[in-house]
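Observations on the model geometry
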Amino acid sequence: MNILVTGAGGFLGKHIIERLPKHHHIYATSLNEGNVKQYDLTFIPNDRILTYDFSTFDLIINCAFPRAADGVGYANGIDFLNSLFQRVEENETCGFIDISSQSLYSFTRTEPATEETQLDLGAVYDVGKYCMELLVDASLKKHKRVHLRLASLIGAGFDQRIVNRFVKSVVAGENIVVNGGQQLFGFLDVRDCADAITTVVEHWNDVDTTGAVFNIGNTGAYTLQTIAETVAAVGTEFDYNAKVIVTEGSDEWKNTSLDATKFYRTFNWQPKYSLEDTTRAIYLQMTGK
């Protein structure tokens, strides 16, 4: 297939490109060609993609979203994506994979969210992601498509995540301090995520035009204290001996775990990387050891 990956220069986009089988021809669009120039693909700048011949593409994997934008950036980004969907609409044989987020569910849920869990949009980012799902379904009713709601991605180089921040503290010679530590986090190694999306691509004949929603996450969730203890334990492999200090305090409840059973069964897929595996990869990236 001819596959277009939007947002290809981002954290997830690059991993998808690395894992897509070589018998596909990859097209990539991004704000910065430098982020993808090392790959064997056809690059299309963002400012040219809307005038490109969309009959070229058999499938689009949409990773593009104005994640870190201000109000104007969000408006411009959503306008761009709406225009993109309208161009896709012209080619009814083109499939569409919409990359969405677990953040559409409440952060204060008591159980792992299933695809049937009530949505609870608490931030601008969440509203934007849900609007993208609705726009895709409104524009691409006749197209084969899926919405993939991803757990919070973790991995080497994604330093905004708490796992990376804990590793950074240990490498700096500091102990890890957590407040309360019973908040629950559902994570997914970015390598597993890219592999899951590739699995959808390889099973594309089984996808239909209903716009099915799937959660993609790991098989369990971790408390903040467990994450800290894992980072400290893996750190000993790199000759670091940080302690985990748990302080008492107002332990505000948080739960970002997902139930991905539907995806596992539909696509016969399971994640491969444990929290220890991901933590080890982050240490390797930060220390060069």
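Residues numbered from 1 in each chain as written. Predicted model: local features only at pLDDT ≥ 70, side-chain atom pairs only at ≥ 80, totals over all residues. Heavy atoms only, no water.

Secondary structure summary: the protein contains nine helices and 13 strands in total. A compact globule built from 289 residues should have a C-alpha radius of gyration of about 19 Å, and the protein, at 20 Å, falls within 12% of that. A principal-axis box enclosing the C-alpha atoms of the protein has dimensions of 55 × 40 × 40 Å. Within the protein, residue pairs in contact and separated by at least 24 positions form 78% of the contacts whose partners lie at least 6 positions apart. Carbon together with sulfur atoms contributes 48% to the accessible area of the protein, which is approximately 13200 Å² in total. When the 25 positive and 36 negative side-chain charges of the protein are each reduced to one mean point, those points stand 3 Å apart. (Helix = DSSP H or I, 4+ residues; strand = E, 2+ residues; numbered from the N terminus. Rg over C-alpha atoms; globule rule 2.2 N^0.38 Å. Contact = heavy atoms within 4.5 Å. Areas by Shrake-Rupley, 256 points an atom, 1.4 Å probe, with all protein chains shown as cover. Lys, Arg positive; Asp, Glu negative; His and termini not counted. Charge placed at Lys NZ, Arg CZ, Asp CG, Glu CD.)

This part takes up the environment of Tyr125. On the secondary structure map, Tyr125 appears in helix 4 (residues 124-139). Exposure remark for Tyr125: the relative accessible area of 19% places this residue in the buried category. When the C-alpha atoms of Tyr125 and Gln285 are compared, they prove to be 29 Å apart, with 160 residues separating the residues in sequence. Contact partners of Tyr125, with chain neighbours within four places excluded, come to Phe65, Arg67, Tyr74, Ser101 and Ser103. (Buried < 20%, exposed > 50% of the residue type's maximum accessible area, 1.4 Å probe, protein only.)

Another aspect to go through is helix 6 (residues 190-202). Its 13 residues give helix 6 an end-to-end C-alpha distance of 18 Å, which sits within 8% of 18 Å, the value for a rise of 1.5 Å per residue. Of all 13 residues in helix 6, ten are buried; the element is thus mostly enclosed. Turning to helix 6, its buried residues number three or more, namely Val190, Asp192, Cys193, Ala194, Ala196, Ile197, Thr198, Thr199, Val200 and Val201. The N-cap residue of helix 6 is Asp189: its side-chain oxygen and the backbone nitrogen of Arg191 are 2.7 Å apart. (Expected span 1.5 Å × (residues − 1). Polar contact = N/O pair within 3.5 Å; in protein donor to acceptor, adjacent residues only side chain to side chain.)

Before going further, it helps to spend a moment on the pattern of salt bridges. Two side chains carrying opposite charge are able to pair once their charged atoms lie near each other. All told, the structure shown has eight salt bridges when counted by the stated rule. Two residues, Arg280 and Glu237, come together in a salt bridge whose shortest N-O distance is 2.8 Å. Of this pair, Arg280 sits in helix 9 (residues 275-287) while Glu237 sits in the loop between helix 7 (224-235) and strand 13 (244-247), and the two are 43 residues apart along the sequence. Overall, the relative accessible area of 46% leaves Glu237 in the partly exposed class. (Salt bridge = Lys/Arg side-chain N within 4 Å of Asp/Glu carboxyl O.)

We now examine the nonpolar core. Formed by 47 residues in total, the largest nonpolar core has its most connected members in Val5, Leu12, Ile61, Ile97, Leu148 and Phe263. Counting residues per element, this core draws most heavily on helix 6, which supplies seven residues. If sequence neighbours within four positions are ignored, Ile97 has contacts with Leu59, Ile60, Ile61, Asn62, Val146, Leu148, Ile197, Val200, Val201 and Trp204. Ranked by size, the runner-up nonpolar core spans 23 residues in total, among them Val170, Tyr222, Ala242 and Tyr283. (Core = buried A, V, L, I, M, F, W, Y, C linked by side-chain atoms within 4.5 Å.)

Attention shifts here to the packing of helix 5 (residues 162-171) against helix 9. Across the interface, helix 5 lies against helix 9 with an axial gap of 10 Å and an inter-helix angle of 50 degrees. Overall, the two elements helix 5 and helix 9 adopt an arrangement that is oblique. For the pair helix 5 and helix 9, the crossing hand works out as right-handed. Residues Val163, Asn164, Val167, Lys168, Val170 and Val171 of helix 5 form the contact with helix 9, whose own contacting residues are Leu275, Thr279, Ile282, Tyr283, Met286 and Thr287. Of the residues contributing to the contact of helix 5 with helix 9, the split by class is eight nonpolar, three polar and one charged. (Axes fitted to C-alpha atoms, helices over the stretch in contact; angles between N-to-C directions. Parallel < 35°, antiparallel > 145°, perpendicular 65-115°, else oblique. Left-handed = near helix turned anticlockwise from the far one by under 90°. Nonpolar A, V, L, I, M, F, W, Y, C, P; charged D, E, K, R; others polar.)

Bringing the environment of Gly95 into the picture now. Position of Gly95 among the secondary structure elements: in strand 5 (residues 95-101). Exposure remark for Gly95: the relative accessible area of 1% places this residue in the buried category. Residues Gly95 and Ile61, spaced 34 residues apart in sequence, show a C-alpha to C-alpha distance of 8.6 Å. With residues near it in sequence (within four places) discarded, Gly95 still touches Asp58, Leu59, Ile60, Lys144 and Trp204.

The next point concerns the pairing of strand 5. Burial analysis of strand 5 places seven of its seven residues in the buried class, the great majority of the element. Here strand 5 shows a buried face lined by Gly95, Ile97, Ile99 and Ser101 and a second buried face lined by Phe96, Asp98 and Ser100. Sheet topology places strand 4 (residues 59-62) next to strand 5; four bridges connect them, and they run parallel. Bridging across to strand 5, Ile61 finds its partner in Ile97. Relative to strand 6 (residues 145-150), strand 5 is paired through six bridges, and the arrangement is parallel. (Pairing = 2+ DSSP bridges.)

Taken by themselves, the reported measurements are silent on function.
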